[in-house]
Number of protein chains: 2
Amino acid sequence: MKLKVNEDLHKERLKCTFNTEELTNFLDGGVNKTLSRRKLESFFLSDLNLKDKIPMEYLSHKERYEEAVRKSCILFKKVNEWQQSNDSGSNSMEVYKSLLGGSVGSAIIKDGSPFAVHYVMFIPTIMGQGTLEQQGEWVGRAFSNQIIGTYAQTELGHGTFIRGLETICTYDSATEEFVLNSPTLTSYKWWPGGLGHTCNYAVVIAQLYTQGKCYGIHPFIVQLRDEETWNPMPGIKIGEIGGKFGMNSTNNGYLAFDNVRIPRMNMLMKNAQVLKDGTYKKSVNDKLTYGTMIFVRVVIVRDLVSSYISKAAIIATRYSCVRRQSELKPGAGEPQILDYQTQQYKIFPAIAISLAYKFAASWLWDVYNDVTSQLEQGDLERLPELHAMACCLKAVSTADAAVAVTTCRLACGGHGYMNCSNFPNMYAMTSATETYEGENTVLLLQTARYLMKACQDAKSGLKLTETVLYLNNFKSLRRRNWITDLDCIGNAFLQVAGSKIENCYFAINQLIISGMSQEDAWNETTIQLSKATEAHCRAFVIQSFITTIKTIHLSSELMKVLTELCKLVCAHWMLNQMGDFLQYSNLKPSDVPSIQSLLEDCLKQIRPNAVGLVDSFDVRDEILGSALGVYDGNVYERLIEDANKSPLNQEPVNESFHKYLKPYLKSNL
Amino acid sequence: MKLKVNEDLHKERLKCTFNTEELTNFLDGGVNKTLSRRKLESFFLSDLNLKDKIPMEYLSHKERYEEAVRKSCILFKKVNEWQQSNDSGSNSMEVYKSLLGGSVGSAIIKDGSPFAVHYVMFIPTIMGQGTLEQQGEWVGRAFSNQIIGTYAQTELGHGTFIRGLETICTYDSATEEFVLNSPTLTSYKWWPGGLGHTCNYAVVIAQLYTQGKCYGIHPFIVQLRDEETWNPMPGIKIGEIGGKFGMNSTNNGYLAFDNVRIPRMNMLMKNAQVLKDGTYKKSVNDKLTYGTMIFVRVVIVRDLVSSYISKAAIIATRYSCVRRQSELKPGAGEPQILDYQTQQYKIFPAIAISLAYKFAASWLWDVYNDVTSQLEQGDLERLPELHAMACCLKAVSTADAAVAVTTCRLACGGHGYMNCSNFPNMYAMTSATETYEGENTVLLLQTARYLMKACQDAKSGLKLTETVLYLNNFKSLRRRNWITDLDCIGNAFLQVAGSKIENCYFAINQLIISGMSQEDAWNETTIQLSKATEAHCRAFVIQSFITTIKTIHLSSELMKVLTELCKLVCAHWMLNQMGDFLQYSNLKPSDVPSIQSLLEDCLKQIRPNAVGLVDSFDVRDEILGSALGVYDGNVYERLIEDANKSPLNQEPVNESFHKYLKPYLKSNL
């Protein structure tokens, strides 16, 4: 039965002042991209075999995994089909982005595919770190899914500090083999996705020993399971790590080695080599192995952050137009809750920052591609800046995404707590990005190292890179009078970041002068360093939003709306860190009310376009996966329909009544 | 096998400068209270029938519920046993607090008992709103669990705005019965705990109609299920609402009525009555029905908030002492991660605020008891202040608790994401308190109404109540010079709160003068009002911490540690809202570094006592439920042990290989 569109939502759509399709096309990167994305979504989402009979949250852990394997096999078979039949011009990258990011894939296997690491890390690592010969041997088999691999780096005892990994791989020149061992409990590999029961190969990161000497960590390809029986290979202990907050279909596993032998050629040797006799040949440049790590962080910012924030905003916005509650004026009836100022304040910033991070990610992606091709030619110059920006953007954007998803969930009251709202699953997926692929505080402090060096360079009059150029001139901006416009605000963010970075620089030097070791001085300044890095990152995101607005050519109606969203991010972030702006920028206490007014005005301006904006994100109901966020707004009908899918509701009396409850109640008579 | 205590944790315990038992006794309220609590915990936690064979997260939704019913029946049978045998002096209240709050109950049924609402709301409502006769009829049967009840107020379409509830209860004087109906989809009762399949009675809140007129919402006792067959009674449609973020054992349900008849005497008539002929007799005072609602909020602050924050702090602190990672100094080995300043900054504030809210809750509980006994005597004078403080403390403390649990989880990196850390479940339980029993923003704005009235009273020279007395004198505090001590800081919090409240007051009046209606002016100021209320609440919590420290008599070693914790909360909250302090208090920009130093010094001072502090919270491993937080610190052994409990790990090859994966891989050859 097709339900009529909710009257309130229908009216909202009539109010919209801009062409939503124009914004959709802009966000996709052009009309053709929109068309091919929609075609791809239809192709995958129309397959009845990929739909849930019972929502996955009702299944047991084991059933959930089995369903995920079933669906993954169908899904990736369809990828071949799509690539062979497709004449729409969408490339492979787009397909994998959609299936492994927050889009089509998240509609089909809500809590993550056990094949994801195969595509995101196993194959890219072999391509990035294998010789041409090794690529020839493995990449084809991996891409056509004759083997399924994972990437086993993290151990029970070591995540962040990869130099501390304990797995040992010793070269035996007698047999021309490597021998892998797990010397301690903490050396168990722990976390790799798909490792538990899904993969039969892994890239294993281990300490390389040859000719009696340790050469640090290197990557090795190891077969984990027999292709016919799927039993673990001799000497391999393997299993899944157990239930998690979310991502319970990803089959994260553990792995230990007891004298597992692999051929010499299973060491990925593009960068460093072990010759037949055991001679170690050093890598030309250690930094070449950073590639995969940076790639994954770039992809998190580009494909996950914006996607989860915008989904949360869509759900909360539509629900808040359908939901009516309480009274603003006696007798005037219950208003749509989106008319409450506090509700707008919870939701509209999410709409705005989803765009802010989209624009910042687009810069990051372009730089990543540039730097990668420069790397191929041996040019490492821009690598440190790319690394620094990937680290801080990953850290700040994932933390903001988790907060945005939470705030939008809470904006939906109790109903946001229900699985059928999709918020619980979205939060678990989003928050996972805060610790995986580099714990956020560690990443902020990696960027801080770059910033301290840049600060030193600025003082020494050396040339600065694009993103830290403001360290040369931020102080001069302070002399200007405050005007509440985008240029002035953008400059204020630079002043705050510059001052905080410089304060850290001075603080560390002061401690060293007072007799403290450099390392202790660093540690004693890390709270301030992580906050300075955050300020740097936010200043960058604001600049990137402002630059985007200044350089794009869209209709004046749409430009107006995008400018309001940009101002909203500015006002919101300024008010959150007002202490910094009062201390370090040209904003004076008497200017603060103008920022509060800017925030409130933006909310008011955005209100009539809120539904239009989230409609423009063009997320299909299946991808949204939320009873509260459906396009037609029939929220209450969906809630009851979803409740009735619960296995508990398939029978009027649960057997626990006869087994436990009745005897208990009777015994109390 | 009993494992040895981890060496690092052992050393930490030797370093502690105070007697942990002294703090435990203080927090319990005396030596005897500690003893009786421990006895109670042993009694319930030693029962083998209450232990999980398989961790509940691996079960299906339906199995999880059935286990919860099984355990609940055993658990509450044991309550009788305990009360009959017990000579330890612990009263009923303590038992229920332990079984229904974040303590023993959370160890046995991790995601909530379907019996909870029976004790927390069904029985208290009948006691508070039933006549003596009605209490005689129902309370005994309910207390001895001959019947199980729930409290059905919230509907699909209405939570916050109870006047808008749509369920109709019409008096039929011909039969001397009420007739219940659910006129719309949105009038379905939705959310009551235990309603789905566990309860056979409910207090139902419905719009009362008699003699053709609506008299607003009133409470009625309704039988839901037949005692013998447990089938829904005629005209009753009932089921569970489906899966949720957490609390999946609580069996929240929905309920609709189709001409359901109940006797006249099933209306709870202590406050208002319907006579046989249908005459409505008004309640002496409407506010008397607030009791249950305030009680639940007080209980949330007292029993849940502190408990979840302190559990999170215990887990993160112990884990951070066992976990070693990276290098502070080259060659010095990997330090305990608790030695990193950023890690201390994530965890120690949680230790401190768990105490801060404990002290504030203790004030709230005392006032609640005073006001309740005054109410019995018809004295309503202090009710508005109690209501205002219960609202804002519930809102601010639950939001802080959710953040603290999250921050401590993230401090444990990826391992905090695992169910066996207990963080995922603790977060779901904690975050639920942000929306249930009054959505937090709505509650903040209820307090704001009180504050606006108090501000008006202050300007009119009327007498102010205890918690808003500072509205009379906060401005005079601004003239003093800044000194970084507790008195000066406490005053700064009052200055900030007072100024923000006054700003709102002026802003609303200004809008009204400019021609806006009072209601619109209110709505346009609600962002600022909710922030002003938050400032008021934080000022209260800080004052209450400072007062507690000033009035208690404990050893000087312990006093020193508690004072450091108090200063830490002050510094942490000031730095988070520095813009306010710079605008509204006597703190000057040049004083800011002293607050940053205070924060960093507190962290350093607390570091050696961190494990001692969390040990003092005296939470048994079963209640903590965390592989990362175990008292003996054998974290890695527990992680592997817990992983091996997964049903997927009971067989080397999962059947999905044979069913799906093998055919798929082979087809790609």
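Everything that follows concerns the structure shown earlier in this document.
Residues numbered from 1 in each chain as written. Chains lettered and ligands numbered in written order. Predicted model: local features only at pLDDT ≥ 70, side-chain atom pairs only at ≥ 80, totals over all residues. Heavy atoms only, no water.

Q: Please provide a residue-by-residue account of the overall build of chain A, values included.
A: Scanning chain A from terminus to terminus reveals 23 helices and 11 strands. In summary, chain A has a C-alpha radius of gyration of 27 Å against a globular reference of 26 Å for 669 residues, a match within 12%. In chain A, buried positions account for 62% of the 669 residues. Contacts spanning at least 24 positions in sequence make up 72% of the contacts within chain A whose residues lie at least 6 apart. Summing over all exposed atoms, chain A offers an accessible surface of approximately 24500 Å²; the carbon and sulfur share of this is 53%. A distance of 2 Å separates the average location of the 68 positive side-chain charges in chain A from that of its 70 negative side-chain charges. (Helix = DSSP H or I, 4+ residues; strand = E, 2+ residues; numbered from the N terminus. Rg over C-alpha atoms; globule rule 2.2 N^0.38 Å. Buried < 20%, exposed > 50% of the residue type's maximum accessible area, 1.4 Å probe, protein only. Contact = heavy atoms within 4.5 Å. Areas by Shrake-Rupley, 256 points an atom, 1.4 Å probe, with all protein chains shown as cover. Lys, Arg positive; Asp, Glu negative; His and termini not counted. Charge placed at Lys NZ, Arg CZ, Asp CG, Glu CD.)

Q: I'd love a proper account of empty space enclosed by the protein, names of residues and values included.
A: Tallied over the entire structure, the rule returns 7 cavities of 30 Å³ or more. Empty space within the largest cavity amounts to approximately 540 Å³. Every residue lining the largest cavity is counted, 32 residues in all, and those nearest its centre are Arg64, Phe245 and Asn248 of chain A together with Arg64 and Phe245 of chain B. Those elements giving two or more residues to the lining of the largest cavity turn out to be helix 4 (61-85) and helix 12 (423-435) of chain A together with helix 4 (61-85) and helix 12 (423-435) of chain B. (1 Å grid on protein atoms, 1.4 Å probe; cavity = no way out; pocket = protein on both sides within 12 Å on 5 of 7 lines; lining within 4 Å. Points joined across faces, edges and corners; volume = space filled by probe spheres on them.)

Q: Please give an account of the sheet that holds strand 4 (residues 189-190) of chain A that cites residues and values.
A: All names here are of chain A. Strand order in the open sheet formed by 3 strands is 4-8-7, and the pairing between neighbours is antiparallel. Taken across any chain shown, the strands that pair with only one partner, and hence form the sheet edges, are strand 4 and strand 7 (236-240). Looking at chain direction, strand 4 and strand 8 (residues 253-257) are connected through 2 bridges and run antiparallel. By the bridge assignment for strand 8, Trp190 is matched with Tyr254. (Pairing = 2+ DSSP bridges.)

Q: So what about the pattern of salt bridges? Which residues, and what values?
A: Taken as a whole and judged by the stated rule, the model has 80 salt bridges over all chains. For Lys346 of chain A, the salt bridge identified is with Glu439 of chain B, shortest N-O distance 3.1 Å. Residue Lys346 of chain A is found in helix 10 (residues 341-376), and its partner Glu439 of chain B is found in the loop between helix 12 and helix 13 (440-459); the two belong to separate chains. Overlapping salt bridges bring together Glu21, Asp28, Arg37, Arg38, Glu41 and Asp618 of chain A as one network. (Salt bridge = Lys/Arg side-chain N within 4 Å of Asp/Glu carboxyl O.)

Q: Give a detailed account of the interface of chain B and chain A, specifying residues and quantitative values.
A: Listed by partner, the interface residues are 134 residues for chain B and 134 residues for chain A. Of the roughly 11600 Å² buried between chain B and chain A, counting both surfaces, carbon and sulfur atoms make up 59%. The largest per-residue losses of area from chain B upon contact with chain A belong to Phe245, Tyr417 and Tyr664 of chain B, which jointly make up 7% of the total buried on that side. At the junction of chain B with chain A, the criterion picks out 86 residue pairs in polar contact (both at pLDDT 80 or more). No other element matches the 11 residues that helix 23 (residues 655-667) of chain B contributes to the side of chain B that touches chain A. Across the side of chain B that touches chain A, the residue classes break down as 53 nonpolar, 49 polar and 32 charged. (Buried area = accessible area lost by both parts, 1.4 Å probe. Polar contact = N/O pair within 3.5 Å; in protein donor to acceptor, adjacent residues only side chain to side chain. Nonpolar A, V, L, I, M, F, W, Y, C, P; charged D, E, K, R; others polar.)

Q: Summarise the relation of the copies chain B and chain A; cite the residues concerned and give the values.
A: What relates the pair of chain copies is a rotation about an axis plus a shift along that axis. Superposing chain B onto chain A requires a rotation of 180° together with a translation of 0.0 Å along the rotation axis, leaving an RMSD of 0.0 Å. What the rotation and shift describe, once combined, is the action of a two-fold rotation axis. (Least-squares fit on C-alpha atoms with pLDDT ≥ 70 in both.)

Q: Residues and numbers for the sheet that holds strand 7 (residues 236-240) of chain B, please.
A: Spatially, 4-8-7 (chain B) is the arrangement adopted by the 3 strands of the open sheet, whose pairing is antiparallel. Edge strands, defined here as strands with exactly one partner in the open sheet, are strand 4 (189-190) and strand 7 of chain B.

Q: Give a detailed account of the packing of helix 4 of chain B against helix 5 (residues 92-100) of chain B, specifying residues and quantitative values.
A: A pair of packed helices is captured by two measures, namely the crossing angle of their axes and the spacing between those axes. Residue and element names in this part refer to chain B. Running from N to C, helix 4 and helix 5 point in directions that differ by 155°, and their axes come no closer than 11 Å. As judged from the angle between their axes, helix 4 and helix 5 are roughly antiparallel. Every pair of crossing elements has a handedness; the one defined by helix 4 and helix 5 is right-handed. Of helix 5, the residues touching helix 4 (which contributes Leu75, Phe76, Val79, Trp82 and Gln83) are Ser92, Val95, Tyr96, Leu99 and Leu100. Looking at the contact of helix 4 with helix 5, its residues break down into 8 nonpolar, 2 polar and no charged. (Axes fitted to C-alpha atoms, helices over the stretch in contact; angles between N-to-C directions. Parallel < 35°, antiparallel > 145°, perpendicular 65-115°, else oblique. Left-handed = near helix turned anticlockwise from the far one by under 90°.)

Q: Got a sec to walk through helix 8 (residues 132-143) of chain B? Specific residues and values, please.
A: All names here are of chain B. Here helix 8 is 12 residues long and its end C-alpha atoms lie 16 Å apart, about the 16 Å a rise of 1.5 Å per residue gives. Considered for burial, the residues of helix 8 that qualify are Gln134, Trp138, Val139 and Ala142. The arc enclosing the buried residues of helix 8, seen along the axis, measures out at 100°, which places them on a common side. Seen from the open side of helix 8, the exposed residues pointing more than 90 degrees away from its buried face are Leu132, Glu133 and Gly136. Contact partners of the buried residues in helix 8: helix 7 (116-129), strand 5 (201-210) and strand 6 (213-223). At the exit of helix 8 stands Asn145, carrying a positive phi of roughly 55°. (Expected span 1.5 Å × (residues − 1). Arc of directions from axis to C-beta.)

Q: Tell me about the environment of Ile640 of chain A, and please be specific about residues and values.
A: Following the sequence through the fold, Ile640 of chain A ends up in helix 22 (residues 635-643). Assessed through its relative accessible area of 12%, Ile640 of chain A is described here as buried. Separated by 13 residues in sequence, Ile640 of chain A and Ala627 of chain A have C-alpha atoms that sit 9.4 Å apart. Here Ile640 of chain A is in contact with Leu156, Leu185, Tyr188 and Trp190 of chain B, once residues within four sequence places are set aside.

Q: So what's going on with helix 12 of chain A? Residues and values would help.
A: All names here are of chain A. In a regular helix each residue adds 1.5 Å, so 13 residues correspond to 18 Å; helix 12 covers 19 Å between its end C-alpha atoms and thus fits that length. Burial within helix 12 is extensive, with 13 of its 13 residues counted as buried. Looking one or two residues past helix 12, Glu437 carries a phi angle of roughly 55°, positive in sign.

Q: Tell me about the pairing of strand 2 (residues 168-172) of chain B, and please be specific about residues and values.
A: Residues and elements named next belong to chain B. Covered by surrounding structure in strand 2 are Cys169 and Tyr171 only, the residues Ile168, Thr170 and Asp172 on the alternate face being uncovered. The sheet contact formed by strand 2 and strand 3 (residues 177-181) spans 5 bridges and is antiparallel. Considered in strand 3, the bridge of Ile168 is made with Asn181. Turn length for the strand 2-strand 3 hairpin, with the two strands adjacent in sequence and antiparallel, is 4 residues, and the turn residue Glu176 shows positive phi of about 55°.

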